[in-house]
Structures are given as C-alpha cells and as structure tokens.
Amino acid sequence: MKRSIVFVLAVCMGLSLVACNASSTTPAPTSSSSVTNPSQEPAVPEQPVATATPDDPSEEKVVVLSASLLEVLWGNQESFDAAEYAEYLDEWETITAADVQEDGSITITLTEENHRKLLDELRRQLLDVESVPQDGLEKVEANEDCTKIQLYVDKAQYETDYNALLVVQKQFEAVQWQAFSGSWNGVLETSVIDADTGALLETVALDNLENR
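Definitions and cut-offs
- Residues numbered from 1 in each chain as written.
- Predicted model: local features only at pLDDT ≥ 70, side-chain atom pairs only at ≥ 80, totals over all residues.
- Heavy atoms only, no water.
- Pairing = 2+ DSSP bridges.
- Helix = DSSP H or I, 4+ residues; strand = E, 2+ residues; numbered from the N terminus.
- Axes fitted to C-alpha atoms, helices over the stretch in contact; angles between N-to-C directions.
- Contact = heavy atoms within 4.5 Å.
- Core = buried A, V, L, I, M, F, W, Y, C linked by side-chain atoms within 4.5 Å.
- Buried < 20%, exposed > 50% of the residue type's maximum accessible area, 1.4 Å probe, protein only.
- Patch = residues over 30% accessible without salt bridge, like charges linked within 9 Å, V, L, I, M, F, W, Y side chains within 5 Å.
- Areas by Shrake-Rupley, 256 points an atom, 1.4 Å probe, with all protein chains shown as cover.
- Salt bridge = Lys/Arg side-chain N within 4 Å of Asp/Glu carboxyl O.
- Lys, Arg positive; Asp, Glu negative; His and termini not counted.
- Charge placed at Lys NZ, Arg CZ, Asp CG, Glu CD.
- Phe/Tyr/Trp six-rings, centres within 6.5 Å; stacked < 30°, edge-to-face > 60°.
- Lys NZ or Arg CZ within 6 Å of the ring centre and 35° of its normal.

What is the right way to read the sheet that holds strand 2 (residues 97–100) from this model?
The strands that make up a sheet are held in pairs by hydrogen bonds between backbone atoms, and each pair lies either parallel or antiparallel. One open sheet accounts for three strands, arranged 1-3-2; its pairing is antiparallel. Looking at the sheet topology across the chains shown, the edges are occupied by strand 1 (60–65) and strand 2. Shown here is a sheet whose adjacent strand axes are inclined to one another by a mean of 20°, direction ignored. Note that strand 2 and strand 3 (residues 106–111) share four bridges and pair antiparallel. Paired with aspartate 99 across the strands is threonine 107, a residue of strand 3.

Structural data, given as structure tokens:
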C-alpha cells in the first residue's frame, strides 16, 4: 500500500516539474529579425514630409495696366485708343477679360495657368531675334524680371543701317513683359553689344521708347 502511495506521489511530482519547466522556457525565435538588441534605440516611426501646396492653376488673378504704363507702351501715338486695345486683348486665348477703368487703366483677368503661359510667350518673343525686321541682331539676353536687356549685334551692320527701330522693338517687348507680369516700375536698361568682341557699343535710355 505504501509503495502505491509513493508511486503516485512520484508521478505527481514528475508531472509538476514538467509543467514548471515548460512554463519557464522561452520559445525560440522563429527568425533573426525578431531578436531585439537591447543596445539599440527603439525605432521612431517616420513622420510625413510636409510639401508646399501649389497654386491652383484655375484660380483667377487681375493684372492692372496703368494709364502711365500704357503711355510708355504706346508713346504719344494719337491713334491709340484704350477701349480698342482692351477689345484686342480680350480676344487673346489666355485672357478671360480686359476692361477699361475710369482712370484710363486696363484691368486684365486671367487664370494663374494662363498668366504663366502668357509670360512665357512674351519672354520667348523678347529673346527671338526674328521678331524684328532689321538684320544684324544676333542674340538677345534678359534678366529674370526683364529690367535689363542686352542686344548682341553685328557692329558693321548696326552702324551702317538705321537700327533705332530694332532697339525700340526690343524695349517695347521688355516693357510689355513687365506690364503683364505686374512688376513694371519704370526701370529698363538696354545695352547694345558687339557680338564678335563683347564690347559695349551704347546704352539706350528708356525715353528712346517713350519718344519714338
């Protein structure tokens, strides 16, 4: 009888030891990626990168061509009529509307996207040597806001031909870019440069345009 009791106790103790051993044993990791190095800092979740919100290309803006600016663009031409010019601008695909105001200025309404297109086209025209009928113009350069332009010419042809109209045309195109960009401040420096030597031939004042 005693032997039976001892046998039962031994079996119970054995089972309890197995149970304790199982509960204290940590399961082996299934892969090396699950092992954490205590010396390493916990990973910080990546934060979303803030990006600038682009302008809405469909948003409309208004550019004002003041009466004094129109005077610079068109000089003392008696035939200039602001209403007719507004009608002419109104036909441009990039312009939504052009209206004459009581003070003689013209307000132009257009989208942001079309405004960029218009300025790109006006700059392309300014830098195009083929936009003038006179020969001898080889290259045109302009700074970002078109307040400075450099006209590279064939010196011999420039000095023998009457090229005042060449300069006037490019000044007009530069002022026109400033006008439609809304940055006109009355400043325009025009340099005529020998395309072969890089020597400055002359600087032409803006009043050359105003008094044409």
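There is more to say after this.
Explain the sheet that holds strand 6 (residues 189–194) here, please?
Strand order in the open sheet formed by four strands is 4-5-6-7, and the pairing between neighbours is mixed. If you trace the sheet from one side to the other, it starts and ends with strand 4 (137–142) and strand 7 (200–204), each paired once. Mean inter-strand twist for the sheet, computed between neighbouring axes without regard to direction, equals 20°. Packing of helix 4 (residues 112–127) onto the sheet brings it into contact with strand 4 and strand 5 (148–153), and relative to strand 4 it is tilted by some 140°. Sitting on the sheet, helix 6 (residues 164–181) is in contact with strand 4, strand 5, strand 6 and strand 7, with an inclination near 150° to strand 5.

Where do I start with the nonpolar core in this structure?
Taken as a class, soluble globular proteins show a tendency for nonpolar side chains to be buried jointly. Counting 38 residues, the largest nonpolar core has Leu65, Leu89, Ile106, Ile108 and Phe180 as its most contacted members. Of all the secondary structure elements, the ones that give two or more residues to this core are strand 1, helix 2 (67–74), helix 3 (82–90), strand 3, helix 4, strand 4, strand 5 and helix 6. Tallying contributions element by element places helix 6 first for this core, with eight residues. When neighbours within four sequence positions are excluded, leucine 65 is seen to be in contact with Leu70, Tyr85, Leu89, Ser105, Ile106, Ile108, Ala179 and Phe180.

It is not clear to me how a negative patch on the surface should be interpreted in this structure. Could you clarify?
Taken together, Asp81, Glu84, Glu87, Asp90, Glu91 and Asp99 make up a surface patch of like negative charges. No other element matches helix 3, which puts three residues into the negative patch. The residue aspartate 99 is located in strand 2 in this model. You can call aspartate 99 partly exposed: its relative accessible area is 40%.

Which parts of the structure should I look at to understand the pairing of strand 7?
Side chains on a regular strand alternate between the two faces of the sheet. Bridge count between strand 6 and strand 7: four bridges; the pairing is antiparallel. Paired with threonine 190 across the two strands is valine 204, which belongs to strand 7.

Looking at this model, I keep getting lost on the packing of aromatic side chains. Mind explaining?
The description of an aromatic ring pair rests on the distance of the ring centres and on the angle between the ring planes. The tally for this structure, following the rule as stated, stands at four aromatic pairs. The residue whose ring lies beneath arginine 123 is tryptophan 177, and the NZ or CZ to ring-centre distance is 5.0 Å. Its guanidinium or amino end placed over the ring of tyrosine 152, lysine 139 lies 4.5 Å from that ring's centre, counting from NZ or CZ.

Looking at this structure, how should I read the environment of glutamine 169?
Relative to the elements of secondary structure, glutamine 169 occurs in helix 6. Taking relative accessible area as the criterion, glutamine 169 reaches 28% and is therefore assigned partly exposed. Glutamine 169 sits 43 residues away from leucine 126 along the chain, and the two C-alpha atoms are 8.9 Å apart.

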